[in-house]
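Residues per chain, in single letters:
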Amino acid sequence: VLRNCKAYDNATSGVQFEGTTGVQIIGGEYYDNGAAGIFFKDGDKSALIQDVDCYHNVKSGLILAKSDGTQINGTSKFRENDESGIQFQESVINSIIDGVECFSNGIPSLTNNVGVDNGAGIRFNPIGEHVDNQILNSKIYQNNIHGMEIVGKVTGSSIVNNEIYENGRKDLAAVGAQGAGVVFQFGGSSDNVIAQNDIRDNSDAGVYMYRSVASAPLHSNNMFYENTVTRNGGGIVVIASSDSYIVGNTITDNATPSGAIIGGAHGIYFGEGANNGVVYDNTIDGATHGNGIMITNKGVGTERSDNVFILGNSIKDAQPASSGIRIEKSDNAHIGNSAGVVPYYKDLIPIIGIIDVGPLGVLENSVSGVTKHSIDLFETDGIDIDGAFIGSGNGVDGGSNTENGINIIDCENIEIGLEKGNIISGSPGYGIYATGSDNITIHKNIIGLDLNGTTALPNKTGGIYLGSTNNSNIGSATAGTGNIISGNEGNGIVVTDAATDVVVTGNYIGLDI
């Protein structure tokens, strides 16, 4: 037991342990040392670190390597160290960080973190695998680079109920990501939960998950749940990560990132191999320099992000020249159609443990107040859109997007309306605009009226526009599959001479319900 000790001005670490069990460090100051303030070097178990102050060390305030079951709590502070506040150096398992502060780490005179750990509040190094660690109820703020930097492979860990704010420097724009709230790098991290954190005012994205090289493994099966992500340089960015769950987050007023990071300007971004993801019940408001939700193939590589479910989100005020939902060069996305999603979602719940996640509820997406298209599809195949309020966010009031409700360019096999149909009303352009596309099916939608089908809520230019398209079906001969197309200020349906094999049948055109 070390109680209220001071260790300072040492050439290496203030105190160092190897192969110990049950060490307790309670109170005290560990500062101005040549390496770490406190260093558990190899195989230490069940240590307790409580109410310590570790500062002004050349490396980190605390370093853990091959340790098991370390608890770090109380009023502990890890501050103003040249590198990180706390460093998980190699194969750390079962640690709990609870209620500490990590702040002002890093050397401000250094201009980037290439090759060095310069300024994360908490850092996981890329040696071994870090398993079943918890970071809870802590404050991580005003660090030179990231709040939390996860470079190594991290599995089964929980980052819950922390305040992560004001990390990163605005003057590092030339050197990439330099200030995310939480960043996962390299690849291979899985079964982690990032939940109920307040992530705000960081210079780059609130949460940024990617792989630094195309040969690195995909991340997989990670959940981002009920976080508040606001005023960062981007919202939640998930690249090269399969089976990701972004559920119940509030993502507001995020702007252009300071660094040249991929996907940082959007509310939610899935890129390069972000397959089988679920984006459910999020509120996205004020993605000031990007789309509300962006699904794409862009990353270090160009693998498409396929089979993403977008359910029950409220998206508004994406600007400028941005859309509510944009899907490009990625296939088989489901906007409002939950068929097949519940097994994915339920499979994740057992890994949560300390978080109570309820069943899927409302599936309808609301997209309004964006400055371009509500839904924008480009070079995609196999997209279905059902149960969405498009243009008007509630099916009653007019929308404030500036172009089309659904914009379809160079796509194939697009289904608009399946079981519920959509309310596609209140856009300044067309309700649905398609060109360069094949096999478009439009069923069961209300286009140009309110959700009751009785009051005009017009699309200003017109209801449906088919340019260079092939094999499109607007309605069908089957009872109950037709659309209600009425109340629009232009034409109900425009089919140009560039369109071929168009069938229009079973619709109400110019009539309410």
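For the structure, see preceding data.
Residues numbered from 1 in each chain as written. Predicted model: local features only at pLDDT ≥ 70, side-chain atom pairs only at ≥ 80, totals over all residues. Heavy atoms only, no water.

## Comments concerning a nonpolar patch on the surface
Reasoning step 1: A grouping of V495, V504 and I509 is seen on the molecular surface, where their side chains present a nonpolar patch of about 230 Å² in accessible area.
Reasoning step 2: Considering the arrangement of structural elements, one finds V495 in strand β55 (residues 491-495).
Reasoning step 3: Judged by its relative accessible area of 40%, V495 is partly exposed. (Patch = residues over 30% accessible without salt bridge, like charges linked within 9 Å, V, L, I, M, F, W, Y side chains within 5 Å. Areas by Shrake-Rupley, 256 points an atom, 1.4 Å probe, with all protein chains shown as cover. Salt bridge = Lys/Arg side-chain N within 4 Å of Asp/Glu carboxyl O. Helix = DSSP H or I, 4+ residues; strand = E, 2+ residues; numbered from the N terminus. Buried < 20%, exposed > 50% of the residue type's maximum accessible area, 1.4 Å probe, protein only.)

## Quick look at the pairing of strand β49 (residues 430-435)
Reasoning step 1: Summarising the sheet, strand β46 (residues 406-409) and β49 pair through 4 bridges and their orientation is parallel. Within the sheet, the bridge partner assigned to I406 lies in β49 and is I432.
Reasoning step 2: The pairing of β49 with strand β52 (residues 462-466) spans 4 bridges and is parallel. Opposite I432, over in β52, you have I464 as the bridge partner. (Pairing = 2+ DSSP bridges.)

## Digging into the nonpolar core
Reasoning step 1: Membership of the largest hydrophobic core comes to 80 residues, with the highest contact counts inside it found for F40, I122, M148 and I408.
Reasoning step 2: The contacts of I122, once residues within four sequence positions are left out, are I86, F88, I97, C102, I135, I140, G147, M148 and E149.
Reasoning step 3: One finds Y225, V278, Y280 and L311 within the second-largest nonpolar core, a separate group that totals 12 residues. (Core = buried A, V, L, I, M, F, W, Y, C linked by side-chain atoms within 4.5 Å. Contact = heavy atoms within 4.5 Å.)

## Observations concerning the side chain of N291
Reasoning step 1: Relative to the elements of secondary structure, N291 occurs in the loop between β36 (283-285) and β37 (293-295).
Reasoning step 2: With relative accessibility at 7%, the residue N291 sits in the buried group.

## Some words on the packing of aromatic side chains
Reasoning step 1: Taken as a whole and assessed by the stated rule, the structure comprises 10 aromatic pairs.
Reasoning step 2: Both rings, one in F17 and one in F40, keep their centres 4.8 Å apart while their planes meet at 20 degrees; by these two values the pair is stacked. Taken as a pair, F17 in strand β3 (residues 15-18) and F40 in strand β6 (residues 38-42) lie far apart in primary sequence, 23 residues in all. For the pair F17 and F40, one class covers both residues: buried.
Reasoning step 3: Centroid distance F88 to F124: 4.2 Å. Interplanar angle 20 degrees. Geometry classified as stacked. Placement of the pair is F88 in strand β12 (residues 86-90) and F124 in strand β15 (residues 122-124), with a sequence separation of 36 residues. (Phe/Tyr/Trp six-rings, centres within 6.5 Å; stacked < 30°, edge-to-face > 60°.)

## Digging into the environment of D132
Reasoning step 1: By secondary structure assignment, the location of D132 is in the loop between β16 (129-131) and β17 (134-136).
Reasoning step 2: Classification of D132 by relative accessible area gives partly exposed; the value is 39%.
Reasoning step 3: As a C-alpha pair, D132 and V154 span 22 residues in sequence and 8.2 Å in three-dimensional space.
Reasoning step 4: Setting aside its immediate chain neighbours within four residues, D132 contacts N94, S95, T155, G156 and S157.

So far we have only geometry, and geometry alone does not tell us how the molecule works.
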